[in-house]
Amino acid sequence: PKTYTHRKLSARYPTDLTTWRALSKHHAEMRGVALPDLFTKDRRRAANFTLDACDLVLDYSKNHDTARTRKLFGQLARGADVPAAIDAMFAGDRINQTEDRSVLHVALRSKISDTVALDTPGVRDLWEVLAWMDEFVEGVQAGKITGSTGKRLTDIVNIGIGGSDLGPVMASRALRTCWQDGMRFHSVSNIDGTQLADLKAELDPEQTLFVICSKTFTTLETMTNANAARAWIIKQLGKTAVSDHFVAASTNHEAMDRFGIHPDYRFGFWEWVGGRYSMWSAVGLSLALVIGMDAFNRILSGGRQMDLHFRQAPMEQNMPVILAMLAIWYNNFFGAESQAILPYDNRLDRFPAYLQQLQMESNGKSV
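Note that the coordinates shown come from a computational prediction; the quantities given were computed from them, not determined experimentally.

Asker: So what exactly am I meant to see when it comes to the packing of helix α1 (residues 18-30) against helix α15 (residues 319-333) here?
Answerer: When two helices pack together, their arrangement is given by the angle between the helix axes and the distance between those axes. The interhelical angle for the contact between α1 and α15, taken along N-to-C directions, is 70 degrees, at an axis separation of 11 Å. One element, α1, and the other, α15, form an angle in the roughly perpendicular class. Residues Trp20, Leu23, Ser24, His26, His27 and Met30 of α1 form the contact with α15, whose participating residues are Ile328, Trp329, Asn332 and Phe333.

Asker: Can you help me understand the nonpolar core in this one?
Answerer: Most often, soluble globular proteins have nonpolar side chains that are buried together. In terms of nonpolar packing, the biggest core is built from 83 residues, with Met133, Phe136, Trp272, Leu285, Leu289 and Phe296 touching the most fellow members. Contacts of Trp272, omitting those with residues within four sequence positions, involve Ser102, Val103, Leu104, His105, Ala107, Leu108, Thr120, Pro121, Gly122, Val123 and Leu126. Counting residues in each nonpolar core, the second largest holds 22 residues, with Ile159, Leu203, Met223 and Met256 among its members.

Asker: Explanation requested: the state of the cysteines in the structure shown.
Answerer: Disulfides are covalent bonds that link the sulfur atoms of two cysteine residues. Summed over the entire model, instances satisfying the criterion amount to zero disulfides. Between Cys178, a cysteine without a disulfide, and Cys54, which holds the nearest cysteine sulfur, the sulfur-to-sulfur distance is 19 Å. Assessed through its relative accessible area of 29%, Cys178 is described here as partly exposed. Here Cys213 stays unpaired: no disulfide links it, and the sulfur of Cys178, its closest cysteine neighbor, is 20 Å away. For Cys213, a relative accessible area of 2% corresponds to the buried category.

Asker: Would you take a moment to explain the pairing of strand β6 (residues 246-249) for this structure?
Answerer: In regular strands, side chains alternate between the two faces of the sheet. Burial of β6 is two-sided: the residues Phe246 and Ala248 facing one way and the residues Val247 and Ala249 facing the other way are all buried. Bridging between strand β5 (residues 208-213) and β6 involves four bridges; their strand directions are parallel. By the bridge assignment, Val211 is partnered in β6 with Val247. Summarising the sheet, β6 and strand β7 (residues 266-267) pair through two bridges and their orientation is parallel. In the strand pairing of β7, Ala249 is matched with Phe267. Handedness of the β-α-β unit built from β6, helix α12 (residues 253-259) and β7 comes out right-handed.

Asker: Help me out: how do you make sense of the packing of aromatic side chains in this one?
Answerer: In this description, an aromatic ring pair is defined by two values, namely the gap between the centres and the angle between the planes. In the structure shown here, the tally under the stated rule is 16 aromatic pairs. Measuring from centroid to centroid gives 5.6 Å for Phe49 and Tyr60, while their planes differ by 80 degrees, and the two rings are edge-to-face. In this pair, Phe49 sits in the loop between α3 (45-48) and β1 (50-53) while Tyr60 sits in the loop between β2 (56-59) and α4 (67-79), placing the two residues eleven residues apart along the sequence. For Tyr60, a relative accessible area of 2% corresponds to the buried category. On the basis of an interplanar angle of 20 degrees and a centroid distance of 6.4 Å, the ring pair of Phe351 and Tyr354 is categorised as stacked.

Asker: So what exactly am I meant to see when it comes to unusual backbone geometry here?
Answerer: Only a minority of non-glycine residues have a phi that is not negative, and only a minority of peptide bonds are not trans. At Asp55, a position not held by glycine, the phi torsion is positive, near 65 degrees. Inspection of the secondary structure puts Asp55 in the loop between β1 and β2. Here the phi dihedral of Phe217 falls at roughly 60 degrees; this positive angle occurs in a residue that is not glycine. Tracing the backbone shows Phe217 in the loop between β5 and α10 (220-237).

Asker: I'm lost on the environment of Val82 in this one. Help?
Answerer: Note on placement: Val82 falls in helix α5 (residues 82-91). Residue classification places Val82 among the partly exposed residues on the basis of a relative accessible area of 24%. When the C-alpha positions of Val82 and Val321 are compared, they lie 8.8 Å apart, and in sequence the two are 239 residues distant. Filtering out sequence-adjacent residues up to four positions away, Val82 remains in contact with Ala77 and Met315.

Asker: Looking at this structure, I do not really get α15. What am I missing?
Answerer: Given 3.6 residues to a turn, an α-helix orients residues that are three or four positions apart in the same direction. The first and last C-alpha atoms of α15 sit 21 Å apart over 15 residues, in line with the 21 Å expected at 1.5 Å per residue. For α15, the full list of buried residues reads Met319, Val321, Ile322, Met325, Leu326, Trp329 and Phe333. In a view along the axis of α15, the buried residues occupy a sector of 160 degrees, so they form one face of it. In this fold, the buried residues of α15 make contact with α1, β1, β2, α4 and α14 (293-312). Positive backbone phi, approximately 75 degrees, marks Gly335, located one or two places after α15.

Asker: Explain the pattern of salt bridges here, please?
Answerer: Oppositely charged side chains can pair when the atoms bearing their charge come close. One pass over the structure, following the stated rule, counts 15 salt bridges. Between Arg78 and Glu316 there is a salt bridge, and its shortest N-O distance comes to 2.7 Å. Taken as a pair, Arg78 in helix α4 and Glu316 in the loop between α14 and α15 lie far apart in primary sequence, 238 residues in all. Among the residues examined, Arg78 registers a relative accessible area of 42% and is labelled partly exposed. Between Arg276 and Glu361 there is a salt bridge, with the nearest N and O atoms lying 3.9 Å from each other.

Asker: Help me understand the sheet that holds β7 in this model?
Answerer: Sheet strands pair by backbone hydrogen bonding; their relative direction is either parallel or antiparallel. Taken in spatial order, the five strands make up an open sheet running β4-β3-β5-β6-β7, and their pairing is parallel. With one partner strand each, in any of the chains shown, β4 (184-188) and β7 form the two edges of the open sheet. Bridge count between strand β3 (residues 155-159) and β4: five bridges; the pairing is parallel. Opposite Ile159, over in β4, you have Val188 as the bridge partner. Together, β3, β4 and β5 form the strand contacts of helix α8 (residues 163-174), whose direction differs from that of β4 by roughly 155 degrees.

Reading guide: rules and limits
- Residues numbered from 1 in each chain as written.
- Predicted model: local features only at pLDDT ≥ 70, side-chain atom pairs only at ≥ 80, totals over all residues.
- Heavy atoms only, no water.
- Axes fitted to C-alpha atoms, helices over the stretch in contact; angles between N-to-C directions.
- Helix = DSSP H or I, 4+ residues; strand = E, 2+ residues; numbered from the N terminus.
- Parallel < 35°, antiparallel > 145°, perpendicular 65-115°, else oblique.
- Contact = heavy atoms within 4.5 Å.
- Core = buried A, V, L, I, M, F, W, Y, C linked by side-chain atoms within 4.5 Å.
- Buried < 20%, exposed > 50% of the residue type's maximum accessible area, 1.4 Å probe, protein only.
- Disulfide = S-S within 2.5 Å.
- Pairing = 2+ DSSP bridges.
- Right-handed = clockwise from strand over helix to strand, strands pointing away.
- Phe/Tyr/Trp six-rings, centres within 6.5 Å; stacked < 30°, edge-to-face > 60°.
- Expected span 1.5 Å × (residues − 1).
- Arc of directions from axis to C-beta.
- Salt bridge = Lys/Arg side-chain N within 4 Å of Asp/Glu carboxyl O.

This is the structure we're talking about:
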């Protein structure tokens, strides 16, 4: 993929755009306006400032915006070349400038007919990985793939950090009602050892499957915990049991060989999968093992629906774009320094932590 460098506008300095100056002038008119007054002037405000897409409803009526604000949002997005940037992302251009790589989590949940960066190395392989995930998950849940003593594997332990932990943990808690009978999800991410120590007290090693998520298979925290789990399995079941109780989402086959990962229990993903988005890849294996592959595929399908909306909807009716513009509106014009994420359901209690890391890394790890 070509490096995405044709934009004249620096992503860091959009303030030279006439559309930015127009929004700044509009802010001077809006900063003294109270929300109740906006509802008084427009009795249909709730309907007029609500978007419905992909089984999601976004009501942004309780923000300091008007039809004029929305129009300026769209103008600024187009002036900053956002539509071209969206096209570049789906084409596989290297829009991640801090790491000089493509940003193709959208490919993970696409259909081949969507033609998402099909010429990018690895993209055409993702359906093969999904098919093997499907076969493996069905094998574990049906008891065809068992632990070293022949017992069914029912306790799935995800070992990862960052996006390799936050994504599966968030989704597993949110989808607690989807867990298959007898299956349980656990996670280990903290390097201090107590998390794994506490967990071992409630696990039966004969029925435990560890999923190690590390693209390089060298991440310090992840491999410290993985090696501790390996030592526990060896102590309880013997060295030969390692290949039956560990699987990995990684690309480092040499390191997996040394660890003892069975060649058939390796699930690859690619350098264009950012860690914060990796739940949609083989890193989601631990989640799929607990909720089933049908449910995991439905998650991918839901993500694809939103990707299509993001790719095709006009700026003024584009749910992700509207949310992004509101963030710019409050941060850059109103000077708001904090954003609250308030889950409406306790099963979404890890959603803020997931979004916090996603936002931080999307802004560049130096921020």
